[in-house]
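Residues per chain are reported as follows:
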Amino acid sequence: MSAQHAQTPVPALLSLRAIGDIRAALRSGHGFPSYRKFFEADLQHALETSTETDLNAVAAVIVDYWGRIRLYQNPDFDIAVQEGIHLTVQLKREAQDQ
């Protein structure tokens, strides 16, 4: 492990113990801007299609957005997004040259 990487400050993880915590994190900008709207729509759909005895779809939505917020908090996330954008631009240019 390099000294530079070891010295990179790691932000404290948000407490995501309830749906309200996920909503607050999304309102605070932890995630892509569309996540806030999609979380509410996905949660509503899961609630409407679930039964009283099977709330697996609701749990899946909560776990999914919990994971998205955690990924967004990863210090290497921005680097990975930029690498993906760069690769996409490069592939588009190569396709146009052919």
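Just above, that's the structure.
Per the counting criterion, the structure on display carries six aromatic pairs. Geometrically, the ring pair formed by Phe-39 and Tyr-65 is edge-to-face, given 5.1 Å between the ring centres and 70° between the ring planes. Within this pair, whereas Phe-39 is found in helix 3 (residues 33-49), its partner Tyr-65 is found in helix 4 (residues 56-73), the two being separated by 26 residues in sequence. Neither residue differs from the other here; Phe-39 and Tyr-65 are each classed as buried. An aromatic cluster is defined as three or more aromatic residues linked by ring pairs; in this entry it consists of Phe-32, Tyr-35, Phe-39, Tyr-65, Tyr-72 and Phe-77. Note that Arg-68 overlies the ring of Tyr-35, its terminal NZ or CZ placed 4.9 Å from the centroid.

With their axes 11 Å apart at the nearest point, helix 2 (residues 19-27) and helix 4 run at an angle of 40° to one another. It follows from the interaxial angle that helix 2 and helix 4 lie oblique. Between helix 2 and helix 4 lies a crossing whose hand is left-handed. On helix 4, the residues that touch Ile-19, Ile-22, Ala-25 and Leu-26 of helix 2 are Ile-62, Tyr-65, Trp-66 and Ile-69. Its residues assigned to classes, the contact of helix 2 with helix 4 comprises eight nonpolar, no polar and no charged.

A few words on the nonpolar core. Side chains of nonpolar character tend, in soluble globular proteins, to be buried together. Counting residues in each nonpolar core, the largest one holds twelve residues, listed as Leu-16, Ile-22, Ala-25, Leu-26, Tyr-35, Phe-39, Leu-43, Ala-46, Val-58, Val-61, Tyr-65 and Ile-69. Excluding its chain neighbours within four sequence positions, the residues that come into contact with Leu-16 are Asp-21, Ile-22, Ala-25, Trp-66, Ile-69 and Arg-70.

A separate point is the pattern of salt bridges. Using the criterion set out here, one finds two salt bridges in the structure. Glu-40 serves as the salt-bridge partner of Arg-23, at 2.6 Å between the closest nitrogen and oxygen. Of the two residues, Arg-23 sits in helix 2 while Glu-40 sits in helix 3, which places them 17 residues apart along the sequence. Judged by its relative accessible area of 33%, Arg-23 falls in the partly exposed class.

Quick notes on the rules
- Throughout, residues of each chain are indexed from 1 in the direction in which the sequence is written.
- With pLDDT at 70 or above as the cut-off, local features in this predicted model cover only qualifying residues; side-chain atom pairs require 80 or more to be listed or tallied, and sums for whole chains, interfaces and linings still use all residues.
- Computation of side-chain values covers all heavy atoms of the structure but excludes hydrogens and water.
- Two rings belonging to Phe, Tyr or Trp (six-membered ring only in the last case) form a pair when the distance between their centres is within 6.5 Å. Interplanar angles under 30 degrees mark stacking, angles over 60 mark edge-to-face geometry, and anything in between is tilted.
- Numbering goes from the N terminus for both helices and strands, where a helix is a DSSP run of H or I of at least four residues and a strand is a run of E of at least two.
- For the exposure calls, accessible area comes from a 1.4 Å probe over protein chains only, and a residue counts as buried if that area is under 20% of its type's maximum, exposed if over 50%, partly exposed in between.
- To sit over a ring, a charge needs its Lys NZ or Arg CZ within 6 Å of the ring centre and within 35 degrees of the ring normal.
- Lines fitted to C-alpha atoms define the axes, with helix axes restricted to the stretch in contact, and inter-axis angles between N-to-C directions lie between 0 and 180 degrees.
- In these notes the angle categories are as follows: under 35 degrees is roughly parallel, over 145 is roughly antiparallel, 65 to 115 is roughly perpendicular, and the rest is oblique.
- Two helices cross in a left-handed way if the nearer one is turned anticlockwise from the farther one by less than a right angle. They cross in a right-handed way if the turn is clockwise.
- Whether two residues touch is decided by their heavy atoms; if any such pair falls within 4.5 Å, the residues are in contact.
- Think of it as three bins: nonpolar holds Ala, Val, Leu, Ile, Met, Phe, Trp, Tyr, Cys and Pro, charged holds Asp, Glu, Lys and Arg, and polar takes everything else, Gly as well.
- Throughout this description, the term nonpolar core refers to a set of buried Ala, Val, Leu, Ile, Met, Phe, Trp, Tyr and Cys residues connected via side-chain atoms within 4.5 Å.
- We define a salt bridge as a side-chain nitrogen of Lys or Arg found within 4 Å of a carboxyl oxygen belonging to Asp or Glu.

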